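Listed below, chain by chain, are the residues.
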Amino acid sequence: MSNVTRETQTTNKLHAVLNEQLANWSLLGVKLHHNHWFVQGPHFFTLHEKFEELYNMAAGYVDEIAERLLAIGGKPAATMAEYLKLAAIQEAAGESSAEQMVETLITDFKTIVEGMKAGIEAADEQGDNPTADMLIGMRTEVEKLNWMLSAYLGK
């Protein structure tokens, strides 16, 4: 395989992984809004505020990933139809308890981290340190959040 073909495949892989991340964070932002609006129970105030913080974080990540994709010659997904097709996570499904919302968020974050690992690897293969660094920073934050959410549930 020629270097040009290998580089194109790596670039396409990196673009695909970044678009999956873009889709995941976009869909998660909608899901977090859902949780923010519909959370109930004794921890309402804590979770209502946390979900707002997280959907704002998700919006920032969406912008950062899309801009990085454009900077490296990619085309970011930009419609809900694309997000639903590309995302590795699922939409919010009906009513959930506050604990279920947090459990689902933990699962979604684990899925997103696995995608980030693939993105870091693809960026490293291409020698794209800025993209790898961006994903490493996001991964660090998400893993910390998952630890905190698990502690919140006592798990």
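Computed from a predicted model, the values in this text were never measured in an experiment. (Residues numbered from 1 in each chain as written. Predicted model: local features only at pLDDT ≥ 70, side-chain atom pairs only at ≥ 80, totals over all residues. Heavy atoms only, no water.)

## Regarding helix α5 (residues 129-152)
Operational definition: Strands here are runs of E lasting at least two residues and helices are runs of H or I lasting at least four, both read from the DSSP assignment and numbered beginning at the N terminus. How far a helix is expected to stretch is found by multiplying one less than its residue total by 1.5 Å. A 1.4 Å probe rolled over the protein chains alone gives each residue an accessible area, and that area as a share of the maximum for its type sets the label: buried under 20%, exposed over 50%, partly exposed in between.
Here α5 spans 34 Å end to end across 24 residues, near enough to the 34 Å set by a 1.5 Å rise per residue. Where α5 is concerned, the buried positions are Thr-131, Ala-132, Met-134, Leu-135, Met-138, Val-142, Leu-145, Asn-146, Leu-149 and Ser-150. Phi turns positive, to about 75°, at Gly-154, one or two residues after α5.

## Here's the deal with the nonpolar core
Worth spelling out the cut-off: Only buried residues count toward a nonpolar core. Its members are Ala, Val, Leu, Ile, Met, Phe, Trp, Tyr and Cys residues joined through side-chain atoms within 4.5 Å. The criterion used for residue contact is that any of the two residues' heavy atoms lie within 4.5 Å.
Among the nonpolar cores identified, the biggest contains 45 residues, and Leu-18, Trp-25, Leu-28, Phe-51, Ile-65, Leu-105 and Phe-109 are the most heavily contacted of them. Residue contributions to this core peak at twelve residues, all from helix α4 (residues 98-126). Dropping the residues within four chain positions of it, Trp-25 is found in contact with Met-57, Ala-58, Tyr-61, Val-62, Ile-65, Phe-109, Ile-112, Met-116 and Val-142.

## Notes on the side chain of Asp-128
Quick reminder of the rule: Definition of a polar contact: a pair of N or O atoms within 3.5 Å, with one able to donate and the other able to accept a hydrogen when the atoms are protein atoms, and with sequence-neighbouring residues admitted only if both atoms are side-chain atoms.
With respect to the helices, strands and loops of the structure, Asp-128 is situated in the loop between α4 and α5. Judged by relative accessible area, Asp-128 falls into the buried class, the value being 8%. Within the local environment of Asp-128, its side chain forms a polar contact with the side chain of Thr-131, the two groups lying 2.7 Å apart.

## Observations concerning the environment of Ser-150
As for its position among the elements, Ser-150 is in helix α5. Remark: the alpha-carbon pair of Ser-150 and Thr-131, spanning 19 residues in sequence, is separated by 28 Å. Not counting chain neighbours up to four residues away, the residues in contact with Ser-150 comprise Ile-106 and Lys-155.

## So, the confidence of the model for the chain
The following threshold applies: Residue-level confidence of the predictor, termed pLDDT, takes values from 0 up to 100.
When pLDDT is averaged along the chain, the result is 93, and 93% of the positions lie at 70 or above. Here residues 1-8 is modelled with pLDDT under 50, and outside its nearest four sequence neighbours on either side it reaches two contacts, counting other chains as well.

## So, α4
In an α-helix, one turn spans 3.6 residues, which is why side chains three or four residues apart end up on the same side. With 29 residues, α4 extends 42 Å from end C-alpha to end C-alpha; this agrees with the ideal 42 Å at 1.5 Å per step. Just past α4, the residue Gly-127 takes up positive phi, approximately 75°.

## Description of a nonpolar patch on the surface
The condition is simple: Patches were defined on residues exceeding 30% relative accessible area and lacking a salt bridge, with like-charge contacts within 9 Å and nonpolar side-chain contacts (Val, Leu, Ile, Met, Phe, Trp, Tyr) within 5 Å. Using the Shrake-Rupley algorithm and a 1.4 Å probe, accessible areas are obtained, with residue cover drawn only from the displayed protein chains. Salt bridge, as used here: a side-chain nitrogen of Lys or Arg that lies within 4 Å of a carboxyl oxygen of Asp or Glu.
Taken together, the side chains of Val-30, Met-80 and Leu-84 define a hydrophobic patch exposed on the protein surface, amounting to about 240 Å² of accessible area. Among the secondary structure elements, Val-30 is positioned in helix α1 (residues 3-38). Looking at Val-30, the relative accessible area reads 42%, which means it is partly exposed.

## Observations regarding the packing of aromatic side chains
Where we set the bar: Here the aromatic set is Phe, Tyr and Trp, taking the six-membered ring for Trp, and pairing holds for ring centres within 6.5 Å; pairs whose planes are under 30 degrees apart are stacked, those over 60 apart are edge-to-face, and all others are tilted.
Summed over all chains, the structure comprises three aromatic pairs. Arranged with centres 6.0 Å apart and planes meeting at 45°, the rings of Trp-25 and Phe-109 form a pair that is tilted. Separated by 84 residues along the polypeptide, Trp-25 in helix α1 and Phe-109 in helix α4 bring together distant segments of the chain. For Trp-25, a relative accessible area of 1% gives the class buried. Phe-109 sits in the buried class, given a relative accessible area of 0%. Between the aromatic rings of Phe-44 and Phe-45, the centroid separation amounts to 5.1 Å while the plane-to-plane angle is 80°, which identifies the pairing as edge-to-face. Each residue in the set Trp-25, Tyr-61 and Phe-109 is aromatic and connected to the rest through ring pairs, giving one cluster.

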